[in-house]
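These are the residues of each chain, in order.
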Amino acid sequence: MSMHDTPSASTHHIGGPVGRILVAIDHFSRFSGLAVGQFYLFCAAITGYEVIARYVFHSPTQWAFEMVMTLCAITWLVSGGYVTLNKRHIAITVLKQYTSQRLQWWLDLFVYCLGFVALYMLTESCLDAAMEAIIRVERAGSAFDSPEPTIVKTILCFGAFLYATQLVVHILRHLESFWARAAVGAIAVACLIRLIGLIMQTAFGDNVVMTTVDAVFSVLQPIGSFGQSINIRSIPIADVTIVIVIALFVLMATGMSLGIVTMAVSLAVALLYFGPKGLFLVSSNVYGLLEAYPLVAVPLFVLMSSILERSGLAKDLFDAMSIFAGNLRGGVAVQTTAVAVVLAAMTGIMGGEIVMLGLVALPQMLRLGYNRKLALGLICAAGSLATLIPPSIIMIVYGLAAKVALGDLFLAGFLPGLLLASLYVIYTLILCHLRPDYAPVASEVFGGEEKPKMSRDRLVAVFAALSVIGGVMGSIYAGIASVTEAAGVGVVGALAVSALRRKCTWDMIQGVVRQTMVTVGTIIWLVMGAVSLVGIYNIIGGASFLKGVFTGLDVSPWLIILLMMAILVVLGTFMEWIAIVFITVPIFAPVVVDLAPAMGMDPDYIAIWFGVLFVMNMQIYFLSPPFGPACFWLKSVTPKDVTLQEIFGAVLPFIALQITGLILVMVFPEIALFLPTLLK
Amino acid sequence: QAQTKTLKLQASQNAGDFTYKYLTEKWVPILKTMTGGTLTLEILPTKAVVPHKETLKAVQTGILDGDLNAISYFAGIDPAYGMIGDLIAAFSHADQPQMFCMNGGGKEILQKIHDKHFGGKVHVIGCSNYTFEALVAKKPIRSVDDLKGLKIRSPEGLAAEVFRRAGAVPVAIPFSEVYTSLEKGIVDAADASAYINNHETGLNKVAHYPVFPGFHSMAMLQFVLNVDVWKGLTDAQRAILETWYIAAYADLRRHADIQDRKQAEIDRAGKGDVKEIVDFPDSERDKFRALAVAAWADYAKKSPLAQETFDAQMKFLRTYGLVK
Ligand code: NA
Ligand code: NA
């Protein structure tokens, strides 16, 4: 079982000239993805330069900001081809596992085909915007006034095209029959001709190619006007909402990548309400996302943690923290939690940390004869702290959706993160006290205390890494640098640490660049699908409808918050976090801000507090079955005999602890708001 | 009972902003009353439906019925938008920008610019400023000479150019980072918002020498509708919308002006956060405007429509003796 959509059916080899074209497309996707991945390094360097220019030379640049935005946007979009080639888009494949081989084959075909249709429509819509921008040479309108909008709009069109092309390759390899392949090939070629025709039409006016193509595609006209013919605007928004939710769930269950699910639903709603011109809603919102400066922090934080990860830091850190273990019963569990907290302060995304702990701490615990369930559960829970203890990608995306200051949000997550870590430690120690066989101490196993020896170099490296983290977080809190700039400086610092560890090789750098490009590429295509759905839902009156539902509830504001938390827990069992953020936050956040007077809180702070509750809720989402990503990650590095079912069983007590922590922060908002208030 | 027609517009403010609330809570109900319940507006906050720079295209295609957006957002499409959207250092009174737009030929030029870029599908009802901005500053700026070497946040192209000519160092940072940038001395001054807004967002707490009234920018907002939507209204509804817009924005601006002055009075009495409200003398305003005029003239060369806008603006400003 995997959270990525690995194909269940085998792919077929295709030879001949067609086969060579397909291989060439593969090569192009791979090459372009790896090439644009390098841009992240430039972004980090430029950001670092900007900070130096500002503080050392007192002459900030006019260009750094726009340059970094453009480079990031290019990487996000072009990496779509690489991510698709390697089938790394995030999808929920749990349900698909229980269907027959034959059904799976059909499901995969459906997933590819719908994906192609959605991406083709996006391409066409973006092409229109791109051509317009190129003809005007649309500029940023800023002091630097670069043609950034023209470049990004053009690349967006290209990225969508590359993604769609790669899907055609998948479809062709998926099919067995020659005639089916021929039909797909013909459709793909027709679409390509149509795109070329559209370009020619914009450049040279109407032409014979376009008239012919229009005639062919006119058979699709009834689809464009279908919404009008059923008079969609007369259907109550409540019913439309239910249909949208059902469509989302059904498509997710097919194992379709989640970005495509939201994008396909967005495109369908846009078509129904506005006809073909409605596709602009999708392409413009996708484009708007690429101009969100805080998002640039995402690849930089991922890059920073990947570098630290590959510097072999986890092992060093674990050994350095062995002072916590001593001969205490449950000591290694305490040590593991301490390491998890430090690693959490270096990583913004869940996954890598669990893998590191799974590789370093789990073998140690199992060797010492720790209860297996306790060890598995602890690693999943403590490893998930990465997104609660700052930096946190979830907080960045939440801040974007709820329009909350990121620095405050980061600060607010710190104490709740330590609270959860303490709960894990207390629980483990009590459990080990009650059941001594759950956690033997070293002397019981080896007859003597064994202490790992650490060289001076390794201690220095640990110390340097801690300084980088301290510097990054400190500069954010002191207000010296923005979150994005701090992340850029963090990358430079992490490289210095890895150089100190003599791990800073060309291969290592290429490895982390590839890893970052893939991770962020999957996230960004998911976010793009989600934002377009939000825009459409707002214009058809959905947001005001849902807000009305909440404000119409004549109950205590606390009950409303509880209800929201309950909804998040339920969604978290089976949905991906980005989808949850974008579906719920734009609706919940304004309602919560409106509740501020009734709850005796400051409207600014209530949004931050709710953000922390949200992220704590996502801690539960990481563990809760059936879609518990933390458990999937741990499974990927555990011994063969550990089943996913066992891990899911092991995390249950920790979910109870997470809920306890959530309730504590809900009842005592000070836990979250203490630090932001203190440092204001 | 006639059915109510609802026009969906996207504004340039967030849902919690004063301007947004004042329009939705006070003036939208008035429109409904004026039209006998046949017409109302649903004003959506910024970025609710499409990104802030994409509203005109959404109006053109009919996805939005209209927008209440800031004109300078479109400066990247044609410098003329930057010119009409925020002619830096031009005006001497809060009512002048709306007068230029509604009575001095501004509206007609804006219509012409929209017609060129949005296929004649966007109808301009009006344009106006909604406030007279105050400059946020950490040190007293009493003359044009004081601007030399001053690091000032000004992200827009034309504003940055004028400040550069005055010897200042323009810095392009997003609005969300103005507070900490002032606090940490990354910038000494910032092009932000009205006095009352700067007070409420706490900017005056970190920068104690606000220049009020400001001498710099004056953001212009528009009210446009999709042409087909406009044609679908009755003559009465159209006349009401035009009149409503003029009344609503004049009221909004004057209301804000009184708020500004009330707060300034509190601050002058030493009860607020500021050390001194700096008065930029008229002679220095004229000097700064003279620098700006040269920058406008160069900026106007970037497109024919920018030139046309510039000529109309100069004609209006001459009537008030603001330029020679
Ligand atoms: Na973290
Ligand atoms: Na879950």
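Owing to the predicted nature of the structure, the values given are computational and were not obtained by experimental measurement.

*Asks:* I tried to follow the overall build of chain B on my own but got confused; where do I start?
*Replies:* Along chain B, the regular secondary structure elements total 13 helices and nine strands. Over its C-alpha atoms chain B spans a radius of gyration of 20 Å, differing by no more than 12% from the 20 Å that the globule rule assigns to 324 residues. By principal-axis analysis of the C-alpha atoms, chain B measures approximately 60 × 45 × 35 Å. Residues counted as buried form 61% of the 324 residues belonging to chain B. Of the contacts formed within chain B by residues at least 6 apart in sequence, a portion of 75% connects residues at least 24 apart.

*Asks:* It is not clear to me how the interface of chain B and chain A should be interpreted in this structure. Could you clarify?
*Replies:* Interface size is often expressed as the accessible area that is lost when the parts come together. Between chain B and chain A, the contact holds 37 residues from the first and 40 residues from the second. Roughly 3,100 Å² of surface becomes buried between chain B and chain A when both sides are summed, with 54% attributable to carbon and sulfur atoms. Here chain B is connected to chain A by four salt bridges. The salt bridge involving Lys57(B) is made with Asp128(A); its shortest N-O contact spans 3.2 Å. Those elements that place two or more of their residues in the side of chain B that touches chain A are strand S2 (39–44), helix H2 (55–61), helix H6 (157–165) and strand S7 (169–171) of chain B.

*Asks:* What should I look at first to understand the pattern of salt bridges in this one?
*Replies:* Oppositely charged side chains may form a pair once their charged atoms are brought near each other. Per the stated rule, a full pass over the model turns up 30 salt bridges over all chains. Residues Asp145(B) and Lys148(B) are paired through a salt bridge, measuring 3.4 Å at the closest nitrogen-oxygen approach.

*Asks:* Can you help me understand the confidence of the model for chain B in this one?
*Replies:* Caution applies to low-pLDDT regions: their predicted coordinates should not be interpreted in detail. When pLDDT is averaged along chain B, the result is 92, and 99% of the positions lie at 70 or above. Mean pLDDT across the elements of chain B bottoms out in helix H7 (residues 178–183) of chain B (82) and peaks in helix H10 (residues 227–231) of chain B (98).

*Asks:* So what exactly am I meant to see when it comes to the coordination of the sodium ion (ligand 1) here?
*Replies:* Metal coordination angles have textbook ideals: 109.5 degrees for a tetrahedral set of four donors and 90 or 180 degrees for an octahedral set of six. Residues and elements named next belong to chain A. Donor atoms from the polypeptide that coordinate the sodium ion (ligand 1) comprise Ala 344 (O), Thr 347 (O), Ala 386 (O), Ile 389 (O) and Pro 391 (O), at 2.2 to 2.3 Å from the metal. Read in sequence order, the donor residues for the sodium ion (ligand 1) give the motif A-x2-T-x38-A-x2-I-x1-P. Placement of Ala 344 in helix H15 (residues 331–344) and of Ile 389 in the loop between helix H17 (372–383) and helix H18 (393–402) is noted, with a sequence separation of 45 residues between them. Of the two residues, Ala 344 and Ile 389, neither departs from the other in class, the shared state being buried.

*Asks:* Explain the coordination of the sodium ion (ligand 2) to me, please; I cannot follow it from the model alone.
*Replies:* Residue and element names in this part refer to chain A. At the metal site, the sodium ion (ligand 2) is ligated by Gly 572 (O), Tyr 621 (O), Ser 624 (O), Ser 624 (OG) and Phe 627 (O), and these contacts range over 2.3 to 2.6 Å. Counting residues between consecutive donors of the sodium ion (ligand 2) along the chain gives the motif G-x48-Y-x2-S-x2-F. Here Gly 572, found in helix H25 (residues 557–574), pairs with Ser 624, found in the loop between helix H27 (603–623) and helix H28 (629–635); they are 52 residues apart in sequence, far enough to count as distant. Classification of Gly 572 by relative accessible area gives buried; the value is 1%.

*Asks:* Looking at this model, I keep getting lost on the sheet that holds strand S6 (residues 151–153) of chain B. Mind explaining?
*Replies:* Where strands meet in a sheet, backbone hydrogen bonds hold them as pairs that are either parallel or antiparallel. Residue and element names in this part refer to chain B. As summarised here, the arrangement of the four strands in space is S5-S8-S6-S7, forming an open sheet in which the pairing is mixed. What marks the edges here is a single partner per strand, and that holds for strand S5 (133–137) and S7. Pairwise comparison of adjacent strand axes, ignoring direction, gives a mean angle of 30° for this sheet. Both S6 and S7 contribute to a ladder of three bridges, which runs parallel. Directly across from Ile 152, in S7, lies its bridge partner Pro 170.

About the criteria used
Residues numbered from 1 in each chain as written. Chains lettered and ligands numbered in written order. Predicted model: local features only at pLDDT ≥ 70, side-chain atom pairs only at ≥ 80, totals over all residues. Heavy atoms only, no water. Helix = DSSP H or I, 4+ residues; strand = E, 2+ residues; numbered from the N terminus. Rg over C-alpha atoms; globule rule 2.2 N^0.38 Å. Buried < 20%, exposed > 50% of the residue type's maximum accessible area, 1.4 Å probe, protein only. Contact = heavy atoms within 4.5 Å. Buried area = accessible area lost by both parts, 1.4 Å probe. Salt bridge = Lys/Arg side-chain N within 4 Å of Asp/Glu carboxyl O. pLDDT = per-residue confidence, 0-100. Donors = N, O, S within 2.8 Å, 3.2 Å for Na, K, Ca; no water. Pairing = 2+ DSSP bridges. Axes fitted to C-alpha atoms, helices over the stretch in contact; angles between N-to-C directions.

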